[in-house]
Amino acid sequence: MLALAQTAEGLVVEARDQDLRVVGRRAFGVTALAAAVAASGARWVLTPEGARRLDAELALSPPVREPEDEGLELRALTCVDDDLLLLRQHPLRGAMAPAMLSRIGANGAVRWVARLPPTSVAHPGVRSSRRRRRAWSPTTWLHAAVSLTVSGDRALVTLGDMPRSGIGVGFVISSRHGEIVFTTAAGPIDQVAGLDDGRFLVAYEGYGDFDTLRYGRDGRVEDAWASHGFYVVDGTDLRVVETRGSTASKSHLARLESGGRVRRGAELPGYYTSPPLVRADGSLIFVRAGQVFFCRDLEVIETTIISGADARSSAFECVAAGESTFVPVKTSSRALELLRIEVD
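This write-up is about the structure you can find in this document. Everything numeric here is computed off the predicted structure, so don't read it as measured data.

1. Some points on the layout of surface pockets
And step 1. Its volume calculated, the second largest pocket comes out at about 220 Å³.
And step 2. The wall of the second largest pocket is formed by 14 residues, among which Arg75, Gln89, Leu92, Leu142 and His143 lie closest to the centre.
And step 3. Per element, the largest residue contribution to the lining of the second largest pocket is three residues, and it comes from strand β7 (residues 73-80).
And step 4. A class-by-class count of the residues in the lining of the second largest pocket yields nine nonpolar, three polar and two charged.

Take a look at the structure:
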């Protein structure tokens with residue numbers, strides 16, 4: 001397996017065996033923004049200079065990027081087949097400008113470029129001068145994540161007034177031609193998920209919102225639920241590892257059913273959660289509240305306490321390799337550890 005980390009040396013790539021022994025290591029004096037794997041298995045790393053392929057010898061290719069950058073910074077990377085989707089946006093403290101989404105071949109050929117302009121935003125929960133605000137023009141137009149969400153022949157890019165109010169919209173774009181198909185309702189958009197046929201789940205959390213909307217291919221809202229969190233999509237079966245920011249309400253493992261019904265199972269402690277790993281049998285593994293959770297359906301089967309971790313420890317997505325599960329965790333001491341978990 002390959003482990004990528006951003007360190008004082010820049011990007012460090014390590015090859016490790018099943019016992020986590022380091023069998024190869026390369027340090028690059030570059031900053032890694034994101035990583036993605038193409039349909040062919042090619043591994044890509046996004047740096048400020050462009051997307052760079054990581055080969056079997058742990059060497060990085062020259063950067064691939066659109067030549068016209070217009071003063072924008074690279075932010076997010078996702079693969080569509082063997083092509084790259086690259087998102088560029090204005091610097092946080094720079095002049096606001098439209099974001100640009102590009103589809104580029106591995107050889108650098110530009111397929112298309114989509115311009116994603118700022119729009120006015122509004123939300124009844126945002127207050128100013130003790131009065132509810134009407135629509136306003138955001139002062140930034142930024143994407144918070146480092147990846148993009150793809151569903152069938154569509155891609156979803158969320159942009160908004162970050163980090164000021166957090167209110168933004170989602171642009172759904174044709175990954176074939178680059179045209180904007182529709183935009184979502186404005187709000188405090190958080191988690192999103194693709195449903196493999198051009199439809200998306202979009203979660204709104206904050207300012208009193210704790211909701212999930214399912215957008216159809218034409219932009220119509222097909223269903224809505226009073227739930228939010230990390231989504232587990234298996235065909236028409238939709239589960240959620242809920243993340244409620246309010247301590248007044250509890251989070252659960254939940255299932256989103258038709259007609260806006262939410263069936264809740266086991267209660268979950270804490271809030272900060274790693275993206276769940278879905279195993280072949282549908283069981284889930286994720287890190288939350290300083291523990292590794294192993295769940296089946298809507299029930300918690302087993303938990304393992306992580307030494308040195310607490311409720312605010314950062315956890316990254318777990319990775320399965322053979323019968324083992326590897327869990328990267330940054331503990332309260334700020335140390336990054338790679339744990340190996342065996343689940344029967």
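2. Overview of the side chain of Thr243
And step 1. Counting through the fold element by element, Thr243 comes out in the loop between β22 (237-242) and β23 (251-257).
And step 2. On the basis of relative accessibility, which here comes to 6%, the residue Thr243 falls in the buried class.
And step 3. Not counting chain neighbours up to four residues away, the residues in contact with Thr243 comprise Glu205, Phe210, His228, Gly229, Phe230, Ser251, Tyr271, Thr273 and Arg288.

3. A word on unusual backbone geometry
And step 1. Across the junction of Met162 and Pro163, the peptide omega takes the value -5°, indicating a cis bond.
And step 2. As for its placement among the helices and strands, Pro163 is situated in the loop between β14 (154-160) and β15 (168-174).
And step 3. The phi angle at Leu58 is positive, at roughly 60°, despite the residue not being glycine.
And step 4. Inspection of the secondary structure assignment puts Leu58 in the loop between β6 (50-54) and β7.
And step 5. Within the chain, Asp81 stands out as a residue other than glycine whose phi angle is a positive 55°.

4. Focus on the environment of Val300
And step 1. For Val300, the position within the fold is in strand β28 (residues 299-305).
And step 2. Each C-alpha atom of the pair Val300 and Ala266 lies 6.3 Å from the other, and the pair is 34 residues apart in sequence.
And step 3. When near neighbours in sequence (up to four residues on either side) are disregarded, Val300 contacts Leu253, Ala266, Leu268, Phe293, Phe294 and Cys295.

5. Concerning the sheet that holds β14
And step 1. Taken together, four strands build an open sheet; the order of strands is β13-β14-β15-β16 and the sheet is antiparallel. Of all strands in the sheet, those bounded by a partner on one side alone are β13 (149-151) and β16 (180-183). Taken over all neighbouring pairs, the strand axes of this sheet differ in orientation by 25° on average, direction set aside.
And step 2. In this structure, β14 lies alongside β15, joined through seven bridges in antiparallel fashion.

6. Section: the packing of aromatic side chains
And step 1. In total, this model carries four aromatic pairs according to the counting rule given.
And step 2. A centroid spacing of 5.3 Å and a plane angle of 85° characterise the contact between Tyr271 and Tyr272, whose relative ring orientation is edge-to-face.

7. With respect to the sheet that holds strand β1 (residues 2-7)
And step 1. If you trace the three strands from one edge of the open sheet to the other, you get β1-β2-β3, paired in antiparallel fashion. Looking at strand neighbours, the two that pair on one side only are β1 and β3 (22-28), the edges of this open sheet. The average undirected angle you get between the axes of adjacent strands in this sheet is 20°.
And step 2. Both strand β2 (residues 10-16) and β3 contribute to a ladder of six bridges, which runs antiparallel.

8. Some points on the pairing of β7
And step 1. Judged by how many residues are buried, β7 sits mostly within the fold: six of eight residues are covered.
And step 2. Of the strand pairs in this sheet, β7 and strand β8 (residues 83-89) are connected by seven bridges, and their pairing is antiparallel. Along β8, the bridge assignment pairs Ala76 with Leu87.

9. Some remarks on the nonpolar core
And step 1. Formed by 21 residues in total, the largest nonpolar core has its most connected members in Leu87, Leu101, Leu116, Val157 and Ile173.
And step 2. Elements that contribute at least two residues to this core include exactly β7, β8, β9 (99-104), β10 (110-116), β14 and β15.
And step 3. Excluding residues that lie within four positions of it along the chain, Leu101 makes contacts with Leu85, Leu86, Leu87, Trp112, Val113, Ala114, Leu116, Leu148, Val157 and Ile173.
And step 4. With 14 residues, the next largest nonpolar core counts Ala34, Leu74, Leu77 and Leu84 among its residues.

Parameters at a glance
Residues numbered from 1 in each chain as written. Predicted model: local features only at pLDDT ≥ 70, side-chain atom pairs only at ≥ 80, totals over all residues. Heavy atoms only, no water. 1 Å grid on protein atoms, 1.4 Å probe; cavity = no way out; pocket = protein on both sides within 12 Å on 5 of 7 lines; lining within 4 Å. Points joined across faces, edges and corners; volume = space filled by probe spheres on them. Helix = DSSP H or I, 4+ residues; strand = E, 2+ residues; numbered from the N terminus. Nonpolar A, V, L, I, M, F, W, Y, C, P; charged D, E, K, R; others polar. Buried < 20%, exposed > 50% of the residue type's maximum accessible area, 1.4 Å probe, protein only. Contact = heavy atoms within 4.5 Å. Pairing = 2+ DSSP bridges. Axes fitted to C-alpha atoms, helices over the stretch in contact; angles between N-to-C directions. Phe/Tyr/Trp six-rings, centres within 6.5 Å; stacked < 30°, edge-to-face > 60°. Core = buried A, V, L, I, M, F, W, Y, C linked by side-chain atoms within 4.5 Å.

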